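This is what each chain is made of:
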Amino acid sequence: MAQLDTSEIVRHLYQAFNDKDLDRLLGYAQPDAKVLNVPFGKTLGFRDYFSNWMTAFPDGQIEIVNLVASGDYVVAEYIGRGTNTGLMQGPDGELSPTQRPVGMRFCEIYDLRDGKVAGGRVYFDAATMMRQLEVPIAPSQRPTVVQPGFQH
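Now for a look at the structure at hand. Everything numeric here is computed off the predicted structure, so don't read it as measured data.

Quick look at the pairing of strand 7 (residues 101-113)
Right, so step 1: On strand 7, burial follows the alternation: Val102, Met104, Phe106, Glu108, Tyr110 and Leu112 on one face are buried, whereas Pro101, Gly103, Arg105, Cys107, Ile109, Asp111 and Arg113 on the facing-out side are not.
Right, so step 2: Bridge count for strand 4 (residues 73-83) against strand 7 is 11 bridges, and the pairing is antiparallel. Paired with tyrosine 73 across the two strands is aspartate 111, which belongs to strand 7.
Right, so step 3: Sheet analysis places strand 7 next to strand 8 (residues 116-124), joined by eight bridges and oriented antiparallel. When the sheet's bridge partners are listed, glutamate 108 is paired in strand 8 with valine 122.
Right, so step 4: Linking strand 7 to strand 8, which pair antiparallel, is a turn of two residues; within it aspartate 114 sits at a positive phi near 55 degrees.

Section: the environment of arginine 11
Right, so step 1: Position of arginine 11 relative to the elements: it lies in helix 1 (residues 6-18).
Right, so step 2: Owing to a relative accessible area of 38%, arginine 11 belongs among the partly exposed residues under this scheme.
Right, so step 3: A C-alpha to C-alpha distance of 9.0 Å links arginine 11 and alanine 76, two positions 65 residues apart in sequence.

As for the sheet that holds strand 8
Right, so step 1: Across the sheet, which stays open at both edges, the six strands sit in the order 2-1-8-7-4-3 with mixed pairing between neighbours. Only two strands of the sheet have a single partner each, and these edge strands are strand 2 (42-45) and strand 3 (61-70). Adjacent strand axes in the sheet meet at a mean angle of 20 degrees when their direction is disregarded.
Right, so step 2: Here strand 1 (residues 29-37) runs beside strand 2; their pairing, made up of four bridges, is antiparallel.

The rules behind the values
- Residues numbered from 1 in each chain as written.
- Predicted model: local features only at pLDDT ≥ 70, side-chain atom pairs only at ≥ 80, totals over all residues.
- Heavy atoms only, no water.
- Buried < 20%, exposed > 50% of the residue type's maximum accessible area, 1.4 Å probe, protein only.
- Helix = DSSP H or I, 4+ residues; strand = E, 2+ residues; numbered from the N terminus.
- Pairing = 2+ DSSP bridges.
- Axes fitted to C-alpha atoms, helices over the stretch in contact; angles between N-to-C directions.

So far we have only geometry, and geometry alone does not tell us how the molecule works.
Here it is in structure tokens:
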């Protein structure tokens, strides 16, 4: 089999997510791959990261908006949609299913090694997601806004 270019690896990975084929999805990653969920401040193994989304949003789908590859790096912008009918691991533990739909933009940056994902980072507006899920955000979880020129 010919080796896929890095953007195609991520495209196939997302198709495996859309098909809910976790084994196929994991085949695009190194065994030690991890993903940093930046808004939640948590690093998860690749399996745990995608399992969490698949469990929380069993009907979840990824619609790719942009894929930009440079060497062993891929930046993916996509719209994630689904209904929260399963448990989700949030920043402070499990969130019960809300039965609410979510639709929002995400950005993921992947580092590849030997043609497979070695690690990544995901960025998204967690406050918008929690608002769509109708989950209250505790004051301690609200982001700090830093004004330009502000000195600590």
